[in-house]
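# Survey of secondary and tertiary structure
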Amino acid sequence: MNKIVAIDGPAGSGKGTVTPIIAKRCHLVNIDTGATYRCVALAALRNHLTVEDEEEIIELSSKITIAFDEEGKVYLNGEDVSSEIRGKEVTQIVSPISSIVAVRKNMVDLQRKMAEGKDVIMEGRDITTVVFPNAPYKFYLDASLEERARRRYKQNQEKGIDMSYEEVLENIQKRDYNDMHKEVGSLKRTEDAIYIDTTHMTIEEVVEKMMKIIEGD
Ligand code: DC
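Residues numbered from 1 in each chain as written. Predicted model: local features only at pLDDT ≥ 70, side-chain atom pairs only at ≥ 80, totals over all residues. Heavy atoms only, no water.

## What about a negative patch on the surface?
Together, Glu52, Glu54, Glu55 and Glu56 make up a region of like negative charge exposed at the surface. Structurally, the position occupied by Glu52 is in the loop between helix H2 (33-46) and helix H3 (54-63). When its relative accessible area of 63% is taken as the criterion, Glu52 is described as exposed. (Patch = residues over 30% accessible without salt bridge, like charges linked within 9 Å, V, L, I, M, F, W, Y side chains within 5 Å. Areas by Shrake-Rupley, 256 points an atom, 1.4 Å probe, with all protein chains shown as cover. Salt bridge = Lys/Arg side-chain N within 4 Å of Asp/Glu carboxyl O. Lys, Arg positive; Asp, Glu negative; His and termini not counted. Charge placed at Lys NZ, Arg CZ, Asp CG, Glu CD. Helix = DSSP H or I, 4+ residues; strand = E, 2+ residues; numbered from the N terminus. Buried < 20%, exposed > 50% of the residue type's maximum accessible area, 1.4 Å probe, protein only.)

Here it is, written out as structure tokens:
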């Protein structure tokens, strides 16, 4: 059986930072599931759709092609959209778009297909509960709201994304609520997932702790 490492946690908990590092060191294919929802959101924006246009968004989500390369770049219909999907506009609408049940079904199918026959590390909100509930390695990463907002604010500044700390905090708070109250695929901490509070940990500490478990057998 192929190796599956499943990671869930709220925005800014460290998943997106530690996952590519572990992927490289453990020779696992990295599948960023949040990026798949971000691609749907970007496609919706480009088609001048709003979150109310559910039917059109569902249809769009079944038609677009999404791919990752080995460096972690994200391609929507063949175009590199790695930076654009992290921008303010996409970030503001991605959570409600990811709440549309039929969009989730399309993305979960796609994510499972991407993992077929490969050793993968996959991070998101419903990986340990819906996408791969039987994964042999399950983690739930967490951190305080303020720390998560501080991290995301810093990342945005480095990428030239113009959002104030207050805007980032408010956006994360809204997304937390949305992500935890979805009809399907809501963010939940399961008993069998290893819980790691990263608030006071360095990136390397989190990576080492997880790798010890993944490579410990
Ligand atoms: O991890 P991220 O910030 O790139 O995720 C973007 C949005 O997609 C986030 O609001 C939650 C949603 N998401 C989801 O519903 N299920 C996943 N497996 C991953 C992300």
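## Some words on the sheet that holds strand S4 (residues 74-76)
The three strands lie next to each other as S3-S4-S5, forming an open sheet whose pairing is antiparallel. On the outer flanks of this sheet lie strand S3 (66-68) and strand S5 (79-80), each paired with one strand and no other. Bridge analysis of S3 against S4 gives three bridges, and the strand direction is antiparallel. Within S4, the position partnered with Phe68 by the bridge is Val74. (Pairing = 2+ DSSP bridges.)

## Examining the environment of Arg151
Relative to the assigned elements, Arg151 resides in helix H7 (residues 145-159). Looking at Arg151, the relative accessible area reads 18%, which means it is buried. As a C-alpha pair, Arg151 and Lys209 span 58 residues in sequence and 20 Å in three-dimensional space. Setting aside anything within four residues of it in sequence, one finds Arg151 in contact with Gly12, Ser13, Gly14, Ala143, Thr198, Thr199 and Met201. (Contact = heavy atoms within 4.5 Å.)

## Brief notes about the pairing of strand S6 (residues 120-124)
Regular strands have side chains that alternate between both faces of the sheet. For S6, a buried count of five out of five residues is recorded, marking the element as mostly surrounded by other parts of the structure. Where burial is concerned, the two faces of S6 agree: the one with Val120, Met122 and Gly124 and the one with Ile121 and Glu123 are both buried. Where strand S1 (residues 4-8) and S6 come together, five bridges link them in parallel fashion. Residue pairing across strands places Asp8 opposite Gly124, the latter belonging to S6. As paired elements, strand S2 (residues 29-32) and S6 share four bridges and run parallel to each other. Among the inter-strand pairings, Asp32 is bridged to a residue of S6, identified as Glu123.

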